[in-house]
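An overview of the molecular structure
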Amino acid sequence: MIWPSHGSNPRYLYEAMGLPFPEKFIDFSANINPLGPPSSLKDKWQDFYQEIIVYPDPYASKLRERLANAVKISVDSLLIGNGGAELIALVARMLAGKKVVLVEPTFSEYETTCQANKCEILYHQLEEPDFGLNPTDLRSKLVDADALFLCNPNNPTGIHYPPATIISIIEECEKQNCLVILDEAFYDFLIDYESFIPYINQFSNLMIIRSLTKMFAIPGIRLGYLVARPAIVSELSQLQSHWSTNTIALLAGEVCVQNETFIIQSQEYICNERKRLFDFFKQEEFAVSASKVNFYLLRDPLLKEQFQLFEFLLHQGIIPRHTFNFLGLEGRWLRFAIKSEEENNQLMEVLAKWRTSHH
Ligand SMILES: Cc1ncc(COP(=O)(O)O)c(C=O)c1O
């Protein structure tokens, strides 16, 4: 079976499974803010239309300035991209043919883009059910490596590695002359996240990738940014195609940046929903990863394989993300986004139904 490589676009999943696409469904497979885009974005939508007849600013000057102010970094340390995905692809191109280390299970795009660029890939496997990261265990893999991709908080587990762990890994990589690509696509879902951006000044081997598509619920627009030393930013920008970030994305970014109130509201909403869900899972004896963000891994410990549960949910129009292309998971877990209260209630209803017939 050929599994879809990402969440969202659930028709491909039903096609792969040979199942009819349900009339009603809830897509838990994409980790997007359940509150939807901020209302300020809708208010401006009409104005954006006027702008589509001109080419986007190829230097994204206005958005870069706003972002640079917001994250307190110089403008030449910032690169805007067509989603975090484009920035990951650019980094992989810069690393073509080099030796990279991936900490698995993690976002599958690191492997896909590194393979496309003929990198030599070394894997460091985290062990279920804790998926904890121990810098000492990772050390031997870093010898002779050119780059390490690290996702924090990690997708698909939702686990946040402590700052001291990350710092010790960056220091070790610096000694080994190894770049660290820290992917913070979900950092803003974490209450009181400690930003690693100030460490760019201390560590020349550090690059940070962020996405605006998750928190601001704009995956259809595509917008992300990368922070690194100016020399790295300049090298990457030469690999980027001209006008890669479109006008609407740039304007939407200007509206979203510095929307602290929206971020705090979203964090609180998700935190409450996560607590409600996790209490239910505990009561019904489902195992979950220790997520601190807007998605989590779940499995029914009474089953060896989760395929039966996966199929049951798809029949009910509940769409989790399969984990067949996450190394070390191979379908033994399912990933769910935290959605609206009503949608989470429906998930719990269906899982309660499952539990009554499988206990
Ligand atoms: C960890 C991680 N990084 C980056 C991305 C890319 O995000 P986008 O291209 O939508 O900004 C994703 C998307 O799912 C992700 O999960």
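One can find the structure itself at the top, above this paragraph.
Quick look at the structure, then. Just so it is clear, the model here is predicted, and its values are computed rather than measured.

**With respect to unusual backbone geometry**
A cis geometry characterises the amide bond from asparagine 152 onward to proline 153, with omega recorded as -10 degrees. On the secondary structure map, proline 153 appears in the loop between β5 (147–151) and α7 (163–175). Look at the link from asparagine 155 to proline 156: it is a cis peptide, with omega at 20 degrees. Relative to the helices and strands, proline 156 is located in the loop between β5 and α7.

**Thoughts on the packing of helix α11 (residues 307–315) against helix α12 (residues 341–357)**
For the pair α11 and α12, interaxial distance at closest approach is 11 Å and the crossing angle is 130 degrees. On the basis of their axis angle, the class for α11 and α12 is oblique. The hand of the α11/α12 crossing is right-handed. Taking contact as the criterion, the partners of Gln308, Leu309, Phe312 and Leu313 in α11 are, on α12, Val350, Leu351, Lys353 and Trp354. Classifying every residue of the contact of α11 with α12 gives 6 nonpolar, 1 polar and 1 charged.

**Overview of the site of the ligand**
Close to the ligand lie 16 residues, the nearest being Gly84, Asp183, Ser211, Thr213 and Arg222. Contact between the ligand and asparagine 155: an oxygen atom at 2.8 Å from a side-chain N or O atom of the residue. Interatomic distance of 2.6 Å between a side-chain N/O atom of aspartate 183 and a nitrogen atom of the ligand. Taking 390 Å² as the accessible area of the ligand by itself, protein coverage stands at 90%. Broken down by element, the residue count for the shell around the ligand peaks at 4 residues, all from helix α4 (residues 83–94). Class assignment for the residues of the shell around the ligand results in 8 nonpolar, 5 polar and 3 charged.

**Re the packing of helix α2 (residues 39–51) against helix α9 (residues 247–256)**
With their axes 10 Å apart at the nearest point, α2 and α9 run at an angle of 145 degrees to one another. Read as a crossing pair, α2 and α9 show a hand that is right-handed. Taken together, the residues of α9 that come into contact with α2 (itself represented by Ser40, Leu41, Lys44, Trp45, Phe48 and Glu51) are Thr247, Ile248, Leu251, Ala252, Val255 and Cys256. In terms of residue class, the contact of α2 with α9 is made up of 8 nonpolar, 2 polar and 2 charged.

**Looking at the sheet that holds strand β3 (residues 99–104)**
Spatially, the 7 strands line up as an open sheet ordered β2-β8-β7-β6-β5-β3-β4, and their pairing is mixed. The open sheet has two edge strands, β2 (78–81) and β4 (120–125), and neither has a second partner. The mean angle between the axes of side-by-side strands here comes to 20 degrees, regardless of whether they run parallel or antiparallel. Across 4 bridges, the pairing between strand β6 (residues 179–183) and strand β7 (residues 206–211) is parallel. Bridging across to β7, isoleucine 181 finds its partner in methionine 207. Across the sheet, helix α5 (residues 109–116) touches β3, β4, β5 and β6, and the angle it forms with β4 is around 160 degrees.

**Regarding α9**
Burial runs high along α9: 8 of the 10 residues are buried. By the burial criterion, the buried members of α9 are Thr247, Ala249, Leu250, Ala252, Gly253, Glu254, Val255 and Cys256. Those residues of α9 that are buried are in contact with α2, α3 (61–71) and β2. Sitting at the amino-terminal end of α9 is asparagine 246, which places a side-chain oxygen 2.9 Å from the backbone nitrogen of isoleucine 248. Backbone geometry just after α9 places glutamine 258 at a positive phi near 65 degrees.

Calculation criteria
Residues numbered from 1 in each chain as written. Predicted model: local features only at pLDDT ≥ 70, side-chain atom pairs only at ≥ 80, totals over all residues. Heavy atoms only, no water. Helix = DSSP H or I, 4+ residues; strand = E, 2+ residues; numbered from the N terminus. Axes fitted to C-alpha atoms, helices over the stretch in contact; angles between N-to-C directions. Parallel < 35°, antiparallel > 145°, perpendicular 65-115°, else oblique. Left-handed = near helix turned anticlockwise from the far one by under 90°. Contact = heavy atoms within 4.5 Å. Nonpolar A, V, L, I, M, F, W, Y, C, P; charged D, E, K, R; others polar. Near = heavy atom within 4 Å. Polar contact = N/O pair within 3.5 Å; in protein donor to acceptor, adjacent residues only side chain to side chain. Areas by Shrake-Rupley, 256 points an atom, 1.4 Å probe, with all protein chains shown as cover. Pairing = 2+ DSSP bridges. Buried < 20%, exposed > 50% of the residue type's maximum accessible area, 1.4 Å probe, protein only.

Just distances and angles here, no functional claims.
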